[in-house]
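Summary of the model geometry
So the chains spell out like this:
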Amino acid sequence: LLCLSKEGKDIKADPLIKVFAATDPPENLSISPSLKDTKSTIDKIRQHIFDSCKSFVRWMRFSCIQVPKQEVKDEDGDEVPYSFLNDVAEVPEVMKTLWYVQNGVNRTTDLLDKVEKRYKKFFWLWREERNSVVDKFAKKSPTCLQYDEKMRQYAKVEPKASKLPEELQVGFLTVSYVSVISDIKERAKSWVQAYGRNLRDSGMSIAQAVHDRIASYRDELSKNPETLEDLKALLNTITIVLDSTNEIELMIDDCSERYRTLEEFDVTVADGEAQMVESLGSEWDRLIELAKETGRNSAKIRRKFAKVTQDQVTAFVDESTELLTQIRESGPANPELELDDAVVKHEEFDTILVAKRQTREQLVLAQKLFGLEITPTPDFKKCEDIMEHLGRVLGLYKEFKEAEAGWSGTLFFGELDMDVLNTGVEEFVHKSKKLPKDVKKYPAYDKTVATIEGFQGSLPLITDLKSDSLRGRHWKRLMEVTGKEFDTSPNTFTLEKLFTLNLSEFTSDIGELVTEAQKEQVIEQALQQTADTWKKMNLSLFPYSRSGMDRGYILKSIDEITTTLDDNLMNLQSMAASRFCVPFAEEVRGWEKRLGLVGEVLALWMNVQRKWMHLEAIFIGSDDIRLQLPEEAKRFDAIDKTWQKLMSDTNKATSVIEATHADGRLQTLETLASDLDRCQKSLSDYLETKRNAFARFYFISDDELLSILGTSDVTSVQEHMLKLYDNCAALIFGRGAKVVTGMVSSEGEQFLFKSPISTEAAVESWMTDVQAEMRRTLHDITKEATFVYPKQDRLRWIKDQLGMVVNTGSKIWWTWEVEDTFRAVREGDKHGMKNLAKRLTGQLQELVSSLLGDLENQARKKINTLIIVDVHARDVIDRFVRDSILDVREFAWESQLRFYWEKQEDDTFIRQCTFVGSAGWEYMGLNGRLVITPLTDRCYMTLTQALSFQLGGAPAGPAGTGKTETVKDLAKAMSLLCVVFNCGEGLDYKAMGSIFSGLVQCGAWGCFDEFNRIDLAVLSVVSAQIKTIQSALIAGQKRFMFEGKDTVMDERCGIFITMNPGYAGRVELPDNLKALFRPVTMVVPDLNLICEIMLLSEGFESARILAKKMVTLYRLAKEQLSKQHHYDWGLRALKSVLVMAGSLKRGSPDLSEETVLMRALRDMNSPKFVFDDVPLFLGLISDLFPGVDCPRVGYPSFNNAVEESLKSNHYQIIDVQIDKVVQLYETMMTRHTTMLVGPTGGGKSVVLNTLQQAQTSLDQNTKLFVLNAKAISVVELYGVLDPTTREWTDGLLSNIFRDCNKPLGSDKNEKRYIVFDGDVDAVWVENMNSVMDDNKLLTLANGERIRLQDYCKLLFEVGDLQYASPATVSRCGMVWVDPQNLRYRPYVDTWLDTQVEEEEDRHVLRSLMDKYLEPSIAYVIE
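Attention shifts here to the pattern of salt bridges. Enumeration according to the criterion identifies 58 salt bridges in this entry. Across the salt bridge formed by E167 and K18, the nearest N and O atoms sit 2.6 Å from each other. Placement of the pair is E167 in strand β5 (residues 167-170) and K18 in strand β1 (residues 17-24), with a sequence separation of 149 residues. With a relative accessible area of 41%, E167 lands in the partly exposed category. Two residues, K1135 and D1334, come together in a salt bridge whose shortest N-O distance is 2.8 Å. Pair noted here: K1135 is in helix α42 (residues 1131-1147) and D1334 is in the loop between α51 (1329-1332) and β27 (1337-1339), with a separation of 199 residues, a long-range link. Taking relative accessible area as the criterion, K1135 reaches 34% and is therefore assigned partly exposed. One network of salt bridges, in which partners are shared, links R1385, D1389, D1393, R1406 and D1410.

One pass over the structure, following the stated rule, counts 37 aromatic pairs. Members of the aromatic cluster, joined through ring pairs, are F699, F981, F996, F1008, F1011 and F1077. The positively charged end of K1145 is found above the aromatic ring belonging to F1100, 5.2 Å away from the centroid. R1345 extends its terminal NZ or CZ atom over the ring of F981, reaching a point 5.5 Å from the ring centre.

Attention now moves to a positive patch on the surface. A cluster of basic residues, R118, K121, K156, K160 and K163, forms a positive patch on the protein surface. Its location among the elements puts K121 in the loop between α3 (92-120) and α4 (130-138).

If a probe as big as a water molecule is rolled over the atoms, it shows which places are left empty. In the structure shown here, the tally under the stated rule is eight cavities of 30 Å³ or more. Computed from the structure, the largest cavity encloses a volume of approximately 150 Å³. Put simply, the parts of the chain that give the lining of the largest cavity at least two residues each are α31 (803-826), α33 (857-883) and α36 (963-973). Among the elements that line the lining of the largest cavity, the one with the most residues is α31, at six residues.

Time to look at unusual backbone geometry. With an omega of -5°, the peptide bond running from S32 to P33 counts as cis. If you check the backbone angles, S141 has positive phi at about 50° while not being a glycine. When you line up the elements, S141 lands in the loop between α4 and α5 (144-155). In this model, C913 sits at a positive phi of 55°, which is unusual for a non-glycine residue. With respect to the helices, strands and loops of the structure, C913 is situated in the loop between β13 (907-912) and β14 (915-918). Overall, C913 belongs to the partly exposed group, its relative accessible area being 22%.

Packed helix pairs are characterised by how far apart their axes lie and by the angle those axes make with each other. Their axes nearest at 11 Å, the elements helix α41 (residues 1103-1120) and helix α43 (residues 1153-1165) cross at an angle of 25°. On the basis of the axis angle, α41 is roughly parallel to α43. The crossing of α41 and α43 is right-handed. On α43, the residues that touch L1106, K1109, M1110, L1113 and Y1114 of α41 are E1153, E1154, L1157, L1161 and N1165. Partitioned by chemical class, the residues of the contact of α41 with α43 number six nonpolar, one polar and three charged.

So, about the layout of surface pockets. For the second largest pocket, the calculated volume is near 570 Å³. A959, K1118, D1128, W1129 and G1130 are, among the 26 residues lining the second largest pocket, the residues nearest its centre. At the level of secondary structure, the elements contributing two or more residues to the lining of the second largest pocket comprise α41, α42 and α52 (1366-1370).

Side chains of strand β2 (residues 28-32) alternate between two faces, with L29 and I31 buried and N28, S30 and S32 left unburied. In this sheet, β2 lies alongside β1 in antiparallel orientation, the contact comprising five bridges. From the neighbouring strand, T23 faces β2, where its bridge partner is L29. Between β1 and β2, which follow one another and run antiparallel, lie three residues.

Looking now at the side chain of K1244. Counting through the fold element by element, K1244 comes out in helix α47 (residues 1244-1257). One buried charged residue, K1244, remains without a salt bridge, the closest side chain of opposite sign being E1357 at 5.1 Å. Non-local contacts of K1244, meaning those with residues more than four positions away in its chain, are made with L1236, V1237, G1238, P1239, E1357, V1358 and V1377.

Here helix α24 (residues 630-652) contains 23 residues, and its C-alpha end-to-end distance of 33 Å stays within 8% of the 33 Å for a straight helix at 1.5 Å per residue. Buried residues of α24: E632, A633, F636, I639, D640, W643, L646, M647 and T650, and no others. Check the buried side of α24 and you find it contacts β7 (541-546), β8 (549-555), α22 (585-619), α23 (623-628), α25 (656-660) and α26 (665-693).

Within the secondary structure, L672 is located in helix α26. According to the relative accessible area criterion, L672 is buried, its value standing at 3%. Separated by 535 residues in the primary sequence, L672 and K1207 have C-alpha atoms spaced 62 Å apart.

Overall, antiparallel pairing links the three strands, which are arranged β12-β13-β14 in an open sheet. The open sheet has two free edges, formed respectively by β12 (898-902) and β14, since each of these has just one partner strand. This sheet shows a mean twist of 30° between the axes of neighbouring strands, independent of strand direction. Relative to β14, β13 is paired through four bridges, and the arrangement is antiparallel. Bridged to F909 within β14 is S918. Seen against the sheet, α31 touches β12 and β13 and runs at an angle of roughly 95° to β12. Sitting on the sheet, helix α35 (residues 934-948) touches β13 and β14, and the angle it makes with β13 is about 110°.

Let's shift gears to the pairing of strand β10 (residues 739-744). Two faces belong to every sheet, and in a regular strand the side chains alternate between them. By the criterion of burial, β10 is predominantly enclosed, with six of the six residues buried. By the bridge criterion, five bridges tie strand β9 (residues 730-734) to β10 in an arrangement that is antiparallel. Its bridge partner being in β10, I732 is matched across the sheet by G742. Summarising the sheet, β10 and strand β11 (residues 750-758) pair through five bridges and their orientation is antiparallel. Counted as the bridge partner of V739 is S758 from β11. Connecting the antiparallel pair β10 and β11 is a turn made up of five residues, with G748 showing a positive phi of about 100°.

Right, let's get into the sheet that holds β2. In spatial order, the strands read β2-β1-β6-β5; together these four strands make up an open sheet with mixed pairing. On the outer flanks of this sheet lie β2 and β5, each paired with one strand and no other. This sheet shows a mean twist of 30° between the axes of neighbouring strands, independent of strand direction. Contacts from helix α7 (residues 178-221) reach β1, β2 and β6 (173-176) within the one sheet, and its direction differs from that of β1 by about 20°.

Moving on, we get to the state of the cysteines. For the structure on display, the rule yields zero disulfides. C1007 supplies the cysteine sulfur nearest to C983, a cysteine that is in no disulfide, at a spacing of 8.7 Å. A disulfide-free cysteine, C1053 has its sulfur positioned 8.8 Å from the sulfur of C1002, the nearest such atom.

Right, let's get into a negative patch on the surface. Together, E249, D253, D285 and E289 line one region of the surface with negative charge. The residue E249 is located in helix α9 (residues 245-264) in this model.

What counts, and at which threshold
- Residues numbered from 1 in each chain as written.
- Predicted model: local features only at pLDDT ≥ 70, side-chain atom pairs only at ≥ 80, totals over all residues.
- Heavy atoms only, no water.
- Salt bridge = Lys/Arg side-chain N within 4 Å of Asp/Glu carboxyl O.
- Helix = DSSP H or I, 4+ residues; strand = E, 2+ residues; numbered from the N terminus.
- Buried < 20%, exposed > 50% of the residue type's maximum accessible area, 1.4 Å probe, protein only.
- Phe/Tyr/Trp six-rings, centres within 6.5 Å; stacked < 30°, edge-to-face > 60°.
- Lys NZ or Arg CZ within 6 Å of the ring centre and 35° of its normal.
- Patch = residues over 30% accessible without salt bridge, like charges linked within 9 Å, V, L, I, M, F, W, Y side chains within 5 Å.
- Areas by Shrake-Rupley, 256 points an atom, 1.4 Å probe, with all protein chains shown as cover.
- Lys, Arg positive; Asp, Glu negative; His and termini not counted.
- Charge placed at Lys NZ, Arg CZ, Asp CG, Glu CD.
- 1 Å grid on protein atoms, 1.4 Å probe; cavity = no way out; pocket = protein on both sides within 12 Å on 5 of 7 lines; lining within 4 Å.
- Points joined across faces, edges and corners; volume = space filled by probe spheres on them.
- Axes fitted to C-alpha atoms, helices over the stretch in contact; angles between N-to-C directions.
- Parallel < 35°, antiparallel > 145°, perpendicular 65-115°, else oblique.
- Left-handed = near helix turned anticlockwise from the far one by under 90°.
- Contact = heavy atoms within 4.5 Å.
- Nonpolar A, V, L, I, M, F, W, Y, C, P; charged D, E, K, R; others polar.
- Pairing = 2+ DSSP bridges.
- Expected span 1.5 Å × (residues − 1).
- Disulfide = S-S within 2.5 Å.

This is how it looks when you write it as structure tokens:
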């Protein structure tokens, strides 16, 4: 074991064991004895060494006395004798040596695997089956060179194997590889021998072929020629031998090379093979000499046979001349012959010509053989040409006759295919035209063409008679026309029989007959198609339920049935008008009657279903309505029972024909329709009664009114209060909703009634009491406040009083102070007016200063509004001082809107010029006031004068000039309810009449926005309605007849219309309608003044300077920036900036006013600029606000949420895109309507979706309701009111809008965005104008007015605003999303991050993009 110890190091020592290696194909080497046996032997040796220790005797300590035998327990707990071995086993050196032995054994195994690889590299010799590989190679007929390459490849193995060591010492083993090396050599040699055998076989086959050809040629050359044919054969053999010299010599060389290769690689060949191959060359040389000698000896024989040949040629020329004469006179070229005879003659002479041609060919060969001149045979050539030409013509004729015979035997009604027949004849015509010109000169050609064309001429007639449209009646008429009887049985009537009738004489008659049959067939097929269509046509029904209760079945849409019905009826009318309809007249009339009934029943059915569904929701869905209308409820129950049975029967048999032709079906539906109309009329009368009792119910739709009347819950009116009152968001209920104690505005301001109103009466009754109590309470509160005004500190008075009371009381006292100053001046106080001006300026400064302090939100709003009013009051007095207005009778004072508390009347009256009107005491809350400019004053004066003459007012002008808002503001000043309606094509005269009824009864103003969008036909009726109202006002009537009903008149009512001239969808008002309104032209207001006053009301002390800068900035931007469809520089854009400026000032009181305004201007305008305009605008701001710089308002948590949203969706984090999300977020803070504008590829959808996800992650659950308004019609979008039945069909947008603006549930932080994804144009978006402006109301044609709540906003995702009107653009906040901010890189990076898994691949692709894509794009752009 010496080689295994020594701590595992290799040392020179004799190996312990010798083993022998052997091949174990195809992959392994085997060792004998095996490694397993070897390891076992070593283990035994080691064990024997250890066991020898047990024989040693153990002595006791310090003696030679042998220790007695002792037993100890081993590891398993068994007792064993204790020996010297136990002591040896504890010696570390011994255990270490054992470990080295074991390690040496393992290391030897690893070394052996490495050594074996040197021998295994030759094992490829065994991996393929030798014989199959060699045979496959031989099948490719390889060349000798290819064989040489293969054999040499294997021959090289033997010397390489010889260099391998025969024995190697591997660890403790000596391994003998002699057998392995021997096997490798033998295997390589076997491959060489296998390829060699195939090479020998191929060489032998070549040698044998050459040997056989030499023997064959030698036999031919040895023959002695006796005849001319023998001589020809001999000479031919001589020629072949001489011409084959190169070929044979190459074959001999190839064969020799193959045998040389065999010799090189020691491949065994049979005895004699090599000698035969070597002798081939000499044998071929001897054959060549023999051929040359034979040729020289045949000259005498050739001369003998040359003379015989010449005599035969002379005889052949004479025979050719005679044959030509026969062909022309008695053969197929005779023009007198019929074509059939010519065909027979041609066959006879063609046989003769073939024999003659063979004779001529033999003579020509003989002449060439003997070296004679070839004798020409022109007559024989003519014979061949004539026969060849006639053969082509007569062949075509024969082929045609055969085809004709085949066609003639075809059954006319069954097998005959006219397409095949026509195609076949056309093919023959084509073939005849393609014949050469030389062929066409023969008379036979003309006869053949005439035959084919004659047959072709009969085809149209055959085609006509073959028509499927012919029936038995037509064949009978044909017999009558021709006067011939014939059997038209399908089994016997062939085309041949048809030819025998000579029908070509009756071509015109047959043509008329066939035409008539074809027309009749069209009608017949149309009738059959109609029958098939209605046989398959079924009604579609689906289960209908309400509140989880099964309500039977209802019909789905019948549009497809109606379309088919209309088409079929039109077709039937066309058939009935045709002269070919006679055979089907009864059937046509029957279908007209049936389908007419189908149309009538279905139209009535759908009408009944629509009415039933409408009334079912009322009478079945509301117990309160049933209690209030018991008779109508009973009638509807009977209707419902009949309807349920009808639909149940229909569900069992859904065929349209069966369902509509069922017994009594039409009468049942007519009865149902009549009964439903009576129910509807009773319901309408009921609702009209309620509206007459409380006129404000005219301002809500039928469904909304029914929702109030159909419940005993008095609080159901809460969600409709903002539609019934100007700014009453809710009523204050007390004592368990048994009384109403006050009102709350949408801003949270509230007041309590002097006397609570009981709600135990009918809703219209106690709502009337609420209206009266509101007016009475506000009257009393204003009276008390006006009384204490001079006795109380003004700021304290403002905070203590309601907002509308503050405005009215201040105006009353301002009016008194001005007129008292006029009195003082008249009495001698020359400085009275100046003193008043100083006092008013002081009051204004006091208000502005108070804004800088800490104020409650409601108090701030009151002071904001009062500042706007007080600024106007101060400016009026300043003008009086400037113009020396010192008398109360001056027009400058008379033209002002003046407020008086008349003690006699105990009420507030408003005067302006000749106008006098009392306050309406409508609760206004804190809804603010407009800045009063000189334009506003003139508009007020024009409108009040119009009212004094009982006329309406008609402000007209471009978008953003304040038409609607001015009317509303005048109503606010007079405490009157002003109801805004957005007019559109859907409004009809009945809807307008209903609105007018509500206005005149409750004394409200109606402002009809975009009035000139109503249809001209409706405007004519509206003109008469308004004229009736104005006539009653002029007459001072308290009641008058309107729309056929006795109507109460409140003289405070007013009708105003606003118009945007020149836009799409507008009409010119009729002259009689224009005469009823006082026109007011609204122009661009004084923006500078508006900015100054609004800034002042927000607490800006340097308001005048800042306003000038602001207006200048907008003017320069409008002039210098690019012209974009989405840019707006008008009043609405200014107002949104001013609102944001006020918000920023309150949020950052430490910033200077210039900085606050600059930030508002920058942040509110930057989102809408295109890429190129951003630096220009920032330059303008820096010029107007030099040295002022302020960072953007930060939203850290929102920005983080945006980034997280982008990451979660695998988008790139791009600062520009994040900024766009923030800009959209900021814009929506000040605007309830925002547009995302920009071309495709800018990321509009990403910005919008990211905003939604970011807000949701910040506990502001945001829902998007997306629709494409251009995908459907305006009627489908907004809904339609049936002009006859007054039934309302909801639209997609109206439904979504209503649902979105329903009160929030448990999640009070929820936000709802309605997203319009698609083009914006005036066709559909103009109906949204009143929603997008400050009214925030969607007005529908059924009278429903849905208010846009604060938690709901409108968003538009649009490519451009090319087709939007300025009115639309000015109402919306704009965020421009420019593709130039993104370009292509984010798309590439996202694709790489999400689609390419390996980081290395991403790196390579990204570098390639950088290298090639960017320069390529730059090049294309340049």
